[in-house]
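Commentary on secondary and tertiary structure
Residue strings, one per chain:
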Amino acid sequence: MVLPVNAKSVTIQPSPILNSANRSKGKLESMLWEDAQKPSSHVGYRSKHTVFHGAHRYIKAIEAFQMMLTKLSDAHGMQIRKLRKKYASPSKAESVIRKVIDIQLDTAPLRLLDTATGLLCDREAQISAFKTTMEYKQLLLSITKHPDLPNGAALQEAVATYFRYVMLSHRWGDNEPLLHDIQDKIVYKLKAADGLRKLQSFCKLARHSGLSLGVGRYVLHRPKQPLSSSKSQLNSTFAWYHCSALTVVYLSDVPSSSKSWRVGEGDWTLYLDDDSSNHKESVEIMDELEDATGIDARALVAFQPGMRDAREKLQWASTRVTTIPEDIAYSLFGIFGIQLPILYGENAQNALGRLLQEIVARSGDITALDWVGQPSEFNSCLPAHISLYAAPPRALPYLSEDQIQTAVSSLRHAVAVDQALKLHERLNNMTAPRFANCRLRLPCIVFPVIEIRRRTGSAQETLFTYGVKADGLSDLLITTEEKLTQFSRLRPIRQTFLLVRPWDRRLLELHDFAEHAESLGAWHEYDSPLDDFDESADDPPGEEELADSESHLRALRLIARLGQPFGAFLLAQQRGGEYKRIASDYDITAEVKDVASVHTMMDIRTLEIL
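Per the secondary structure count, the chain includes 20 helices and 19 strands. Looking at the chain as a whole, 39% of its 610 residues are labelled buried. Long-range contacts, defined as pairs at least 24 residues apart, comprise 63% of the intrachain contacts of the chain with a sequence gap of at least 6. For the chain, the accessible surface area stands at approximately 34,700 Å², while carbon and sulfur atoms represent 51% of it.

Below is the structure:
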């Protein structure tokens, strides 16, 4: 007999004692097999189950187990019948497994191609195929013996492993196969046209190379369908990609010498001949993707769906072109973790407006309002097209901690304590921005416009430049396509114009403890600006005095930040009392004249903008 020891072979000669033990074991196995052929009690069927299970004859083992349960249930002795409660019936075990399967398939495509057979399988066909496998029968037997652990990690892992699938990401061509082209047909046997050859090559790649990557046997290729039948699938597509074991990207418009996956006479060629199991781990490939997409390679590797960095994600999508206009917005639903109704025919502006409305409403993030150009008909605070996010967010001066401390020192003697605390309290109590029926309720610091004068220019000009004055702000110039009514204090008009600072709660310096819990540590470890108090002083401040001082300091730090230049909106009041944003051809950057004049920043309101 040869046993592996530290990857070396060591030969051991059998001894007489070992031979005797082997003969006894063989005799025992022979007796168990003979007893298992004609059992008469639960003990006999248990032996029969053990023999068949050891021989990997799982169907016979399950039948024997079922008979054992029947014998236990029919037994006269109370103690024997109690044994029955230790086991679960195969039907109950099947129900437990089915629940885990349903959860696993909840985020999987409804139809998948079986790369072993080349047949398109619906969900029930996938489950039926799983039930014929050895893995399924092993799970069934395991659960019958351990009914107290029906949803254990081993069960979930086994189900997840079997139902893993591969996704193909590609650009739709002119001759792609439709559903009826492959329904009830073996893909490998069909005459290879352009799109079908791509599908066949993909299936072969998933079948041959996929196994070495630990990828399951099913892959998805979603045939093109009428719009009405594809709406529900479109909302699920991102989840399918996100939950897949592997995504194969086919770049049809890349030269053959450097294509990600290239269709040739034989199999596909790997991009840059990189045969690693995960191209996201390739620095060279990710650097090329960064150059091609303009998206930082680190963001590509670590990407997670959600509302974080919404403005940056909108910039990623700003160059996207789709055949159907509304798909520019619909294709971003998954990136932001949003599910909204798919309404083809609503037009691109409305689709984008609904997406941006949801982003602002859910996250309270107003960076999606940072753009210049043509306003949307959906709402004047939103852009008419995704391309208006191509420019990066405006870069405004940033105060370092030393600069804030310097500003706070000067503000201590220039701003009354009660005024500073009142401003902080009012801003802290402001609600988040909200959308309803295409109307934006935007919390703002308001600066009434007192003068608008047009600068002279060509009579044929399409852009108009205006000098604008507002209470509490430095004078500024605004360029727009709209013709504005000129006025001043001496020549007033009925219409009201406002320059507003959209309120951003990040200025309060509030930490998101749910997001940064690990980095912040315990509460007592938080570094407060008041940690500089001298504990050795003769008269340390009391709790109430310390709290007042800390509140005052927070208020002064906020005022220091409010004194910095900010992105402003020019709003014009409408007949119904609502406001409309006047789109500018350039960023409107405003600044308060005197940060110590806190009263000029006390006009704090939530405005309704059409």
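Back to the text.
Right, let's talk about helix α16 (residues 348–363) for a bit. Counted at 1.5 Å a residue, the expected span for α16 with its 16 residues is 22 Å, and the 23 Å between its end C-alpha atoms agrees. Within the span of α16, buried status applies to Ala351, Leu352, Gly353, Arg354, Leu355, Leu356, Gln357, Glu358, Ile359 and Val360. The elements touched by buried residues of α16 are α14 (310–316), α15 (327–330), β10 (434–436) and β11 (439–454). Measuring from the backbone nitrogen of Gln349 back to the side-chain oxygen at the start of α16 gives 3.1 Å, which picks out Asn347 as the cap. The first or second residue beyond α16 is Gly364, which carries a positive phi of 75 degrees.

What the second largest pocket holds in volume is close to 1,800 Å³. Considering the residues around the second largest pocket, the lining is formed by 42 residues, among which Thr367, Asp504, Arg505, Arg506 and Leu507 are closest to the centre. Of all the secondary structure elements, the ones that give two or more residues to the lining of the second largest pocket are α14, β14 (497–502), α19 (513–520) and β15 (566–567). Residues belonging to the lining of the second largest pocket are distributed by class as follows: 19 nonpolar, eight polar and 15 charged.

The full count for this structure, using the stated rule, is nine aromatic pairs. Relative to Tyr344, the ring of Tyr330 has its centre 5.3 Å away and its plane inclined at 75 degrees; by these criteria the two rings are edge-to-face. On the criterion of sequence distance, the pair formed by Tyr330 in helix α15 and Tyr344 in the loop between α15 and α16 is long-range, its members being 14 residues apart. The residues Tyr330 and Tyr344 share a single accessibility class, namely buried. Through a chain of ring-to-ring contacts, three or more aromatic side chains come together here, namely Phe130, Tyr136, Tyr162 and Phe163. Here the basic side chain of Arg207 rests over the ring of Tyr188, its NZ or CZ set 4.7 Å away from the ring centre. The side chain of Arg581 reaches across the aromatic face of Phe569, ending 3.8 Å from its centre.

Turning next to the environment of Val449. Residue position: Val449 is located in strand β11. On the basis of relative accessible area, Val449 is assigned to the buried category, the value being 9%. As for Val449 and Leu571, which are separated by 122 residues in sequence, their C-alpha atoms are 9.4 Å apart. Not counting residues within four places of it along the chain, the set of residues in contact with Val449 comprises Val468, Lys469, Ala470, Phe487, Phe497, Leu498, Leu499 and Leu570.

Here the focus is the confidence of the model for the chain. Here the chain averages 78 in pLDDT, while 75% of its residues score no lower than 70. Mean pLDDT across the elements of the chain bottoms out in strand β1 (residues 2–5) (27) and peaks in strand β17 (residues 579–581) (97).

On to the nonpolar core, then. Proteins that are soluble and globular tend to have nonpolar side chains buried together. Formed by 47 residues in total, the largest nonpolar core has its most connected members in Leu423, Val449, Leu499, Leu562 and Leu570. Of all the elements in the fold, those that place two or more residues in this core are α17 (401–411), α18 (417–428), β11, β12 (464–470), β13 (476–480), β14, α20 (543–562) and β16 (569–573). Per-element accounting of this core gives the leading share, seven residues, to α20. Among the nonpolar cores identified, the runner-up in size contains 41 residues, and Leu340, Tyr344, Leu440 and Leu571 belong to it.

This brings us to unusual backbone geometry. In this model, Asp184 sits at a positive phi of 60 degrees, which is unusual for a non-glycine residue. Looking at where Asp184 falls in the secondary structure, it is placed in the loop between α9 (179–182) and α10 (194–212). For Asp184, a relative accessible area of 67% corresponds to the exposed category. Phi at Asn347 takes a positive value of approximately 90 degrees, unusual for a residue other than glycine. Take Asn347: it is sitting in the loop between α15 and α16.

Attention now goes to the side chain of Arg581. Tracing the backbone shows Arg581 in strand β17. For Arg581, the side chain forms a polar contact with the main-chain oxygen of Cys381, separated by 3.4 Å. With residues near it in sequence (within four places) discarded, Arg581 still touches Leu369, Trp371, Ser380, Cys381, Glu482, Phe569, Leu570, Leu571 and Ile609.

Look at helix α5 (residues 90–105) against helix α8 (residues 153–162): their axes get within 10 Å of each other, and the N-to-C directions meet at 55 degrees. One way to sum up the angle between α5 and α8 is to call them oblique. Considering the relative orientation of α5 and α8, their crossing is right-handed. Packed against α5, whose contacting residues are Val96, Ile97, Val100, Ile101 and Gln104, the element α8 presents Leu155, Gln156, Val159 and Ala160 at the interface. The class makeup of the residues in the contact of α5 with α8 is seven nonpolar, two polar and no charged.

Our focus in this paragraph is the packing of α5 against helix α6 (residues 123–131). Packing of α5 against α6 leaves a shortest axis separation of 12 Å and a crossing angle of 135 degrees. Relative to α6, α5 is oriented oblique. Of the two elements, α5 crosses α6, and the hand of that crossing is right-handed. Residue-level inspection shows Ile97, Arg98, Ile101 and Leu105 of α5 in contact with α6, the latter providing Arg123, Glu124, Gln126, Ile127 and Phe130. Class assignment for the residues of the contact of α5 with α6 results in five nonpolar, one polar and three charged.

A few words on the pattern of salt bridges. Scanning the model with the defined rule gives 18 salt bridges in all. We note a salt bridge from Glu608 to Arg439, for which the minimum N-O separation is 2.6 Å. In this pair, Glu608 is assigned in strand β19 (residues 604–609) and Arg439 in strand β11, connecting sequence segments 169 residues apart. Assessed through its relative accessible area of 25%, Glu608 is described here as partly exposed. Residue class for Arg439 comes out partly exposed when judged on its relative accessible area of 30%.

Before going further, it helps to examine the environment of Thr161. Mapped onto the fold, Thr161 is located in helix α8. A relative accessible area of 35% places Thr161 in the partly exposed class.

Rules behind the numbers
- The residue count restarts for each chain, going from 1 along the sequence in the order it is written.
- Totals for whole chains, interfaces and linings use every residue, but because this is a predicted model, local features are given only for residues with pLDDT of at least 70 and side-chain atom pairs only at 80 or more, for both listing and counting.
- To obtain the side-chain values, all non-hydrogen atoms of the structure were included, while hydrogens and water were left out.
- Helix and strand assignments follow DSSP, with helices taken as H or I runs no shorter than four residues and strands as E runs no shorter than two, numbered in order from the N terminus.
- Note on exposure labels: buried denotes an accessible area under 20% of the residue type's maximum, exposed denotes more than 50%, and partly exposed covers the range between, all computed with a 1.4 Å probe on protein chains only.
- Here, two residues are considered to be in contact whenever any of their heavy atoms come within 4.5 Å of each other.
- Each accessible area value is a Shrake-Rupley result obtained with a 1.4 Å probe; residue values ignore everything except the protein chains displayed when judging cover.
- By this rule, a helix spans an expected 1.5 Å times one less than how many residues it contains.
- Pairs of N or O atoms are called polar contacts if they sit within 3.5 Å, as long as, within protein, a hydrogen donor faces a hydrogen acceptor (for residues adjacent in sequence, only side-chain-to-side-chain pairs).
- The definitions used throughout rest on a 1 Å grid laid over the protein atoms alone, on which a cavity is an enclosed set of points accommodating a 1.4 Å probe that cannot get out and a pocket is an open set flanked by protein within 12 Å on both sides along at least five of seven lines; lining residues are those having an atom within 4 Å of a point.
- Grid points are joined across faces, edges and corners, and a volume is the space filled by probe spheres set on the points.
- In this classification, Asp, Glu, Lys and Arg are treated as charged, Ala, Val, Leu, Ile, Met, Phe, Trp, Tyr, Cys and Pro as nonpolar, and every other residue, Gly included, as polar.
- Whether two aromatic rings pair depends on their centres lying within 6.5 Å, for rings of Phe, Tyr and Trp, where Trp uses its six-membered ring; planes under 30 degrees apart make the pair stacked, over 60 edge-to-face, and the rest tilted.
- Throughout this description, the term charge over a ring refers to an Arg CZ or Lys NZ atom that lies within 6 Å of the ring centre and within 35 degrees of the ring normal.
- Values of pLDDT, which run from 0 to 100, indicate the predictor's confidence residue by residue.
- Note on terminology: a nonpolar core comprises buried Ala, Val, Leu, Ile, Met, Phe, Trp, Tyr and Cys residues joined through side-chain atoms within 4.5 Å.
- Note on definitions: angles span 0 to 180 degrees between N-to-C directions of axes, and those axes are lines fitted to C-alpha atoms, for helices only across the stretch in contact.
- Should an angle fall under 35 degrees it is taken as roughly parallel, and over 145 as roughly antiparallel, whereas 65 to 115 is taken as roughly perpendicular and any remaining angle as oblique.
- Handedness of a crossing is defined here by the sense of rotation of the near helix relative to the far one, left-handed for an anticlockwise turn of less than a right angle and right-handed for a clockwise turn.
- Any carboxyl oxygen of Asp or Glu that lies within 4 Å of a side-chain nitrogen of Lys or Arg is treated as forming a salt bridge with it.

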